[in-house]
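Overview (structure and organization)
Single-letter residue listing:
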Amino acid sequence: MTTATLQFIPPVSPSQTPSGTRWSVDAVQSLLDLPFMELLWRAQTVHRQHWPAGDVELATLLSVKTGGCPENCGYCPQAAAFDTGVQAHKLMDVAEVTAAAQAAKDAGATRFCMGAAWRAPKDRDIEKMAALIAAVKGLGLQTCATLGMLAPQQAEALRDAGLDYYNHNLDTAPEYYQDVVSTRQYQDRLDTLAHVRAAGIKVCAGGIIGMGEAPVHRAGLIAQLANLDPYPESVPINSLVRVPGTPLADSEAVDPLDFVRVIAAARITMPRARVRLSAGRQQMGEAVQALCFLAGANSIFYGDKLLVTGNPEAQDDARLLARLGLNAHPAASALQV
């Protein structure tokens, strides 16, 4: 590689609007197209400016209601329509969830996320979830839930129970969405995020890389997230875990460096967000994970399972963070620079 390859190449500038910065798909694509070292340098510069403590947030995700989901998301082993070997289980009780949350806290997690395989919870489900949220909150953990689509009053009930974050991923760009799931519309996702935001709950929203999408769809996903007003406080970026029995099981594996590029673009376009290196870490290896941290990832799911798929062992993550000199005790928030 010649020196000229690494020269500064300005991307298309984001536009300024009265409500802040808006990123066009072209502007994000221009970031993704930068020489790899240039992109990482820019992402690390933004990261250091807004997150000078260099900490990594540890979050644990528990499936509190597993399987039997009526949605047909092509990546999901919990969909009732797919034969993946996942058994359906009813909602866990308060004692079980509290014990799991305490174990996560004892292992170093500061945020506890609860996932339930519903298309949209019923009001009676919200009442039960409120009890789980209150119990976890009582342990001194940040609380997060991902339960499907919410009505405004349901979001308010979760807020009143003490919910800090609600996860509802956009998955991919709007024009590719129907290639992944047909049982709901992209606007349904945006509507739920709006209800969550209106209720005063922090937003956790990201997507999945490796579902057969084109590079422009990755740019489109990041643009959609970055243009939410405000953009999410937490942005999980997942590498598809190809589960046998799902329609996307035979998808081509993502180039690891392309995945790192998406992390970097998320950091640059959403500088104050926690960018979470999420599903797929088992397949990445430590070197790729290290590049993701360099590109601006500052949160991981901590524990040996993500809902129903595997995750690195907590002790392995602790060793990796120590080897990289990363602090696993999160600072309160990003600097408002």
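Cut-offs applied
For every chain, the first residue of the written sequence is number 1, and numbering continues from 1 along that sequence. Where local features are concerned, this predicted model is filtered to residues with pLDDT of at least 70; where side-chain atom pairs are given and counted, the filter is 80 or more; whole-chain, interface and lining totals use all residues. Side-chain numbers come from the whole structure's heavy atoms, not from hydrogens or water. Secondary structure is summarised from DSSP: a helix means a run of H or I of at least four residues, a strand means a run of E of at least two, and numbering begins at the N terminus for each. Here the term buried applies to any residue with accessible area under 20% of the maximum for its type, exposed to any over 50%, and partly exposed to those in between, with areas from a 1.4 Å probe on protein chains only. Per-residue confidence from the predictor is given as pLDDT, running between 0 and 100. The contact definition used throughout considers only heavy atoms, calling two residues in contact when any of these lie within 4.5 Å. Paired rings are identified among Phe, Tyr and Trp, the last through its six-membered ring, by centres lying within 6.5 Å, and are further divided according to the angle between planes into stacked (under 30 degrees), edge-to-face (over 60) and tilted (the rest). Only when the NZ atom of a Lys or the CZ atom of an Arg is both within 6 Å of the ring centre and within 35 degrees of the ring normal do we say a charge sits over the ring.

This next bit is on the side chain of Gln289. Turning to its location among the elements, Gln289 is positioned in helix α10 (residues 286-294). According to the relative accessible area criterion, Gln289 is buried, its value standing at 4%.

Of the residues in the protein, 88% reach a pLDDT of 70 or more, and the chain-wide mean stands at 86. Counted against residues more than four places away or in other chains, residues 1-9, with its pLDDT under 50, gives ten contacts.

By the secondary structure assignment, Ser234 is in strand β9 (residues 234-239). Under the relative-accessibility criterion, Ser234 is labelled buried at 0%.

Geometry of an aromatic ring pair is reported as the spacing of the ring centres plus the angle between the planes. In total, this model carries one aromatic pair according to the counting rule given. Measuring from ring centre to ring centre gives 5.1 Å for Tyr177 and Tyr186, while their planes differ by 80°; the resulting arrangement is edge-to-face. The two residues Tyr177 and Tyr186 agree in class, both being buried. The ring of Tyr165 is capped by Arg111, whose NZ or CZ atom sits 3.5 Å from the centre of that ring. The aromatic ring of Phe301 is capped on one face by Arg276, whose charged end is 4.5 Å from the ring centroid.

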